[in-house]
Amino acid sequence: MDKIIVLSSEDNKKNDCYRLAEGHWEEQKLSLPEEMPLTLFVNGRELVTILCSPSGLNFLVIGYLFSEGLIKEVDDIDILRVCENSRIADVRLKNEVVIDTKKRILTSGCGGGMSLGIVGTQIRLCSQIKISTETIFKLTRQMIKSGTAYRLTGGVHTSVLCDQEQILAIGEDIGRHNTLDKVIGKSLMGDIHTKDKILLTTGRIASEILRKVVKLEVPIVVSLSSPTDEAVSLARNLGVTLIGYVRGKNMTVYANAQRLEDCYETAHCYTAKG
């Protein structure tokens, strides 16, 4: 697929606000996280509206289509046109797909993970990859440094796909689910192989995020925040090493700790402290 058209809007604007600090008010101009609705049309039919950050929208669309099982590779797309000003993404697939015309809006918060129900059954991952806790801490620091939108505005999430040395793809968005779809889209467009890689994210890990990473054959998922109970159960069943609350030299391993070189699983949950 070589027909991508992206029409961009204006750059991020400064906003007037007042800040109280140590008993004194001062006027400031600050950058805020931008939010926009992007309505996705597939083969002429409206599929979904995604509330998202206006960056990397082509990657977001491609990743979303892959996550929902509408495409298997980028070559399944004939034309992709994204217009920020009109807030529309128009996709023409080479093959016909069944589109439910019931309108959906995916919010940037908890509802952002709502699925169309197209994703098929997933199998257990059997990766033999090993990683040290020090490598996880190193990659976490790289993720935090790479989050330019977070440093500028706060209030956004970051997800990155890594090997054991460096970041391979990054996605930033107000929606934590959108960050993963952007990472998926960049990986597909850049021909980055996702098998046996590591996914790190700033956001909470819910079950639908686990399903996305299993589809990518990513065996290790790391978060600065917490997983849900359903995500932990799914990680154990699908063979994903699930790590949360990475702070400084601390982390908690919720599932499949055998992939950590310097950790062994004495129970279902293991807290490592450096």
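As the structure is a prediction and not an experimental result, all values here were calculated from the model.

Trainee: Which parts of the structure should I look at to understand unusual backbone geometry?
Mentor: Glycine aside, a negative phi is what most residues show, and trans is what most peptide bonds show. The phi dihedral of Arg87 falls on the positive side, at around 60°, and the residue is not glycine. Under the relative-accessibility criterion, Arg87 is labelled partly exposed at 40%.

Trainee: In this structure, what is going on with the pattern of salt bridges? I would like to understand it.
Mentor: When charged atoms on two side chains of opposite charge get close, those side chains can pair. A full pass over the atoms with the stated rule returns 6 salt bridges. Across the pair Asp90 and Arg92 runs a salt bridge, and its minimum N-O distance is 3.7 Å. Glu134 serves as the salt-bridge partner of Lys249, at 2.6 Å between the closest nitrogen and oxygen. Of the two residues, Lys249 is situated in the loop between strand 13 (241-247) and strand 14 (250-255) and Glu134 in helix 2 (residues 133-146); the sequence distance between them amounts to 115 residues. The class for Lys249 is partly exposed, based on a relative accessible area of 36%.

Trainee: How do you make sense of the packing of helix 1 (residues 57-67) against helix 4 (residues 176-189) when you look at a structure like this?
Mentor: Axes are the key here: two packed helices are described by the angle between their axes and the distance separating the axes. Interhelical geometry of helix 1 versus helix 4 gives an angle of 95° and a closest axis separation of 6 Å. Taken together, the axis directions place helix 1 and helix 4 in an arrangement best described as roughly perpendicular. Of the residues in helix 4, those in contact with Phe59, Leu60, Ile62, Gly63, Tyr64, Phe66 and Ser67 of helix 1 are Asn178, Asp181, Lys182, Ile184, Gly185, Lys186, Leu188 and Met189. Of the residues contributing to the contact of helix 1 with helix 4, the split by class is 8 nonpolar, 4 polar and 3 charged.

Trainee: Sorry, what's going on with the nonpolar core here?
Mentor: Note that soluble globular proteins tend to have their nonpolar side chains buried in a common cluster. In terms of nonpolar packing, the biggest core is built from 49 residues, with Leu40, Leu47, Leu65, Val91, Leu210 and Leu242 touching the most fellow members. Top contributing element to this core by residue count: helix 1, with 7 residues. Setting aside anything within four residues of it in sequence, one finds Leu65 in contact with Leu40, Val42, Leu47, Leu70, Ile71, Ile77 and Val91. By size, the runner-up hydrophobic cluster in this structure holds 20 residues, among which are Ile129, Ile243, Met251 and Cys263.

Trainee: Just checking my understanding: could you explain helix 6 (residues 229-238) for this structure?
Mentor: Among the residues of helix 6, those classed as buried are Ala231, Val232, Leu234, Ala235 and Leu238. Projected down its long axis, helix 6 shows its buried positions confined to an angular sector of 165°, all on one face. Opposite the packed face of helix 6, turned more than 90 degrees from it, sit the exposed residues Asp229 and Asn237. If you follow the buried residues of helix 6, they end up packed against helix 5 (207-215), strand 13 and strand 14.

Trainee: Is there a simple way to explain the pairing of strand 13 in this structure?
Mentor: Taken residue by residue, a regular strand's side chains alternate between the two faces of the sheet. Of all the 7 residues making up strand 13, 5 are buried; the element is thus mostly covered by neighbouring parts of the structure. Bridging between strand 12 (residues 220-223) and strand 13 involves 3 bridges; their strand directions are parallel. Its bridge partner lying in strand 13, Val222 is registered against Ile243. Bridge count between strand 13 and strand 14: 4 bridges; the pairing is antiparallel. In the strand pairing of strand 14, Leu242 is matched with Ala255. Once strand 13 ends, the chain turns through 2 residues before running back antiparallel as strand 14, passing Gly248 with a positive phi of about 60°.

Trainee: Got a minute to help me understand the pairing of strand 5 (residues 45-52) in this structure?
Mentor: The element strand 5 is extensively covered by neighbouring structure, given that 6 of its 8 residues are classed as buried. Connecting strand 4 (residues 36-42) to the next strand, strand 5, in antiparallel fashion are 2 residues, including Asn43 with a positive phi near 50°.

Trainee: What exactly am I supposed to notice about the packing of aromatic side chains here?
Mentor: Here a ring pair, both rings aromatic, is described through the centre-centre distance and the interplanar angle of the planes. On inspection of all chains with the given rule, the structure shows 0 aromatic pairs. Between Lys215 and the ring centre of Phe66, over which it is positioned, the NZ or CZ distance is 5.0 Å.

Trainee: What should I look at first to understand the packing of helix 4 against helix 5 in this one?
Mentor: Two elements in contact, helix 4 and helix 5, have axes separated by 11 Å at closest approach and are oriented at 5°. With respect to helix 5, the axis of helix 4 lies roughly parallel. In this structure, helix 4 contributes Arg176, His177, Leu180 and Asp181 to the contact, and helix 5 contributes Glu208, Ile209, Lys212 and Val213.

Trainee: When you look at the environment of Gly171 in this model, what are you seeing that I'm missing?
Mentor: Relative to the helices and strands, Gly171 is located in strand 10 (residues 167-173). Judged by relative accessible area, Gly171 falls into the buried class, the value being 2%. Here the alpha-carbon distance between Gly171 and Ser146, two residues 25 residues apart in the chain, equals 10.0 Å. Excluding anything up to four places from it in sequence, Gly171 contacts His157, Thr158, Ser159, Thr179, Lys182 and Val183.

Parameters and conventions
- Each chain carries its own residue numbering, running from 1 in the direction its sequence is written.
- Residue-level local features of this predicted model are given only where pLDDT is at least 70; pairs of side-chain atoms are given and counted only at 80 or more, and the full residue set underlies all totals for whole chains, interfaces and linings.
- For side-chain calculations, the full set of non-hydrogen atoms in the structure is used, while hydrogens and water are omitted.
- Residue burial is assigned from relative accessible area. The probe radius is 1.4 Å, only protein chains are included, and a residue is buried under 20% of its type maximum, exposed over 50%, and partly exposed in between.
- Salt bridge, as used here, is a side-chain nitrogen of Lys or Arg placed within 4 Å of a carboxyl oxygen of Asp or Glu.
- By definition, any uninterrupted DSSP run of H or I lasting at least four residues is a helix, any uninterrupted run of E lasting at least two residues is a strand, and each is numbered from the N terminus.
- The axes used here are C-alpha line fits, helices contributing only the stretch in contact, and every angle between their N-to-C directions lies in the interval 0 to 180 degrees.
- Should an angle fall under 35 degrees it is called roughly parallel, over 145 degrees roughly antiparallel, and 65 to 115 degrees roughly perpendicular, with every other angle called oblique.
- Whether two residues are in contact is decided by their heavy atoms, any of which lying within 4.5 Å being enough.
- Polar here means any residue outside two lists: the nonpolar Ala, Val, Leu, Ile, Met, Phe, Trp, Tyr, Cys and Pro, and the charged Asp, Glu, Lys and Arg; Gly therefore counts as polar.
- For this analysis, a nonpolar core means a set of buried residues of the types Ala, Val, Leu, Ile, Met, Phe, Trp, Tyr and Cys, connected via side-chain atoms within 4.5 Å.
- Here the arc refers to the set of directions running from the helix axis out to each C-beta atom.
- By the convention used here, strands pair only if DSSP detects at least 2 bridges between them.
- Between 30 and 60 degrees the pair is tilted, below 30 it is stacked and above 60 it is edge-to-face, where a pair is any two Phe, Tyr or Trp rings, Trp via its six-membered ring, whose centres lie within 6.5 Å.
- Our definition puts a charge over a ring when NZ of Lys or CZ of Arg is within 6 Å of the ring centre and also within 35 degrees of the ring normal.

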